[in-house]
Amino acid sequence: MTNRENLLNLLDGKPVEKLLWAPRLRVWYTALKTQGTLPEKYRGKSLIEIETLLGAVAGSSARISWKQRGPQPKGHIIAQRFNTVTIETKREGNRERVTYHTPIGSVTETYLINPDAIAKGLPMQRHLCEHLIRTEKDYEIVEYLYQDITYSPTYADYLAFERELGEHGVPIVNLDRDPMYLIMQNLVGYNRFFYEFHDHKPRIDRLYAALCKKFDTFKRIAIDSPARILLAGYHYDGTILSPQFYDEYMKPYLKPFAAELKARNKYLGLHADADTRGLFRNVLDSGFGFIDCFATSPLVSTTFDSAVEAWQDQVVIYGGVPSNIVIPSICSDADFDAYLEKLFGTIRDKPCRVLVGIADNVMPEADMNRVEAVARRVERFSGGGATAA
């Protein structure tokens, strides 16, 4: 079977021929290619070609957002446009102010620009430092912003990327955050959200209800799309979110969405680059079928074993290898080897469905010898010869 066939079987709970893996190389690849420092064996090769050399499954990272800047990623299923809102962008030194003008007023957000990161192809090139909602009036204006959006399907774009991947893998489509997490992270900001929630809960609840209703159109396009894996949960962290808060605000949006997707043989995914310990039950109860970019200790306190114990084979876990253990200055050779020994022992001995990956990403500081060592372990686990020499 091809990588694509094996991955689809893994998702569907059917037998697979081998243990699959996908290292998440985009950050590493973009940075080193920009700086001209790719290892000699990988120079002149595309990201998919390098993934193939490593025996890895290829995927996608196409996110839908009206805040998208720069080149659009491939594999979109939805386009968005404003009908009456206009956008004004002003650059002042390393600050970029983006103002959205509506018939009922304007709101502004500010980004810090990192020229060094841009020049070196590094992540975190823009950081949101001032959010759209800062006053009572801003709630009304932001609600208008979302009501003004028209969504339309772009299935041809997705299908084109699926053809590009071919039998190497399956596209993973990033949708927008669920309504409450969108308010928390993008619209109000973590630092102020719980103060705002305590002092002005009716405002939060009104905006939440409006976004849930608006996103019904958004979800319908996703459900009818040709995509099989759709991410709609992001960064749920048990040190920030209580299980009770999650069940009140995240679960009512996610669970029906997951059920409709499952009825169409599709899977709702959670981008789990966070400390999910404390939310295992909530994640399972919401109907997630794919746990993307699953972060584990020593990157966070969550352990791979504890997740397998909680979820067993009811979800596909994509991850298991923390990004910091492939950086020699952080993790010794002995600790790296010991971690892999324990990880692959758990995969062998416990009921689970796993797509081995490096979470969150292989960073520019990573030692590719260690990434290749993971590839060899995957191959040995599968009973084949090493493909990453």
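About the cut-offs
Residues numbered from 1 in each chain as written. Predicted model: local features only at pLDDT ≥ 70, side-chain atom pairs only at ≥ 80, totals over all residues. Heavy atoms only, no water. Salt bridge = Lys/Arg side-chain N within 4 Å of Asp/Glu carboxyl O. Helix = DSSP H or I, 4+ residues; strand = E, 2+ residues; numbered from the N terminus. Buried < 20%, exposed > 50% of the residue type's maximum accessible area, 1.4 Å probe, protein only. Phe/Tyr/Trp six-rings, centres within 6.5 Å; stacked < 30°, edge-to-face > 60°. Pairing = 2+ DSSP bridges. Axes fitted to C-alpha atoms, helices over the stretch in contact; angles between N-to-C directions. Contact = heavy atoms within 4.5 Å. Patch = residues over 30% accessible without salt bridge, like charges linked within 9 Å, V, L, I, M, F, W, Y side chains within 5 Å. Areas by Shrake-Rupley, 256 points an atom, 1.4 Å probe, with all protein chains shown as cover.

### Notes on the pattern of salt bridges
According to the stated counting rule, one finds 25 salt bridges in the structure shown. For the salt bridge of Arg370 with Asp333, the shortest nitrogen-to-oxygen distance reads 2.6 Å. Remark: Asp333 occurs in helix α14 (residues 333-349) and Arg370 occurs in helix α15 (residues 368-381); sequence separation between them is 37 residues. The buried category is assigned to Arg370, whose relative accessible area is 5%.

### Considerations on the packing of aromatic side chains
By the definition in use, this model includes 22 aromatic pairs. Relative to Trp311, the ring of Phe280 has its centre 5.0 Å away and its plane inclined at 65°; by these criteria the two rings are edge-to-face. Placement of Phe280 in helix α12 (residues 280-285) and of Trp311 in helix α13 (residues 304-311) is noted, with a sequence separation of 31 residues between them. Trp311 matches Phe280 in its accessibility class, with the two residues each being buried.

### Some remarks on the sheet that holds strand β7 (residues 126-130)
The strands making up a sheet are joined through hydrogen bonds of the backbone, oriented either antiparallel or parallel. Across the sheet, which stays open at both edges, the four strands sit in the order β4-β5-β6-β7 with antiparallel pairing between neighbours. Sheet topology places β4 (86-92) and β7 at the edges, where each strand pairs with a single neighbour. The sheet shows a mean angle of 30° between the axes of neighbouring strands, direction not considered. Pairing of strand β6 (residues 105-113) with β7 involves four bridges; the strand directions are antiparallel. Residue Leu112 lies in a different strand from β7, and its bridge partner there is His127. The sheet strands contacting helix α5 (residues 136-147) are β5 (95-102) and β6, and the helix crosses β6 at an angle near 85°.

### Topic: a nonpolar patch on the surface
Judged by side-chain polarity, Tyr190, Phe194 and Ile240 come together as a nonpolar surface patch covering roughly 250 Å² of accessible area. By secondary structure assignment, the location of Tyr190 is in helix α8 (residues 190-199). The class of Tyr190 is partly exposed, set by a relative accessible area of 33%.

### Side note on the environment of Phe257
One can find Phe257 in helix α11 (residues 251-263). Residue classification places Phe257 among the buried residues on the basis of a relative accessible area of 1%. Ignoring any residue separated from it by four or fewer positions in sequence, one finds Phe257 in contact with Leu175, Lys219, Ala222, Ile223, Ala232 and Leu268.

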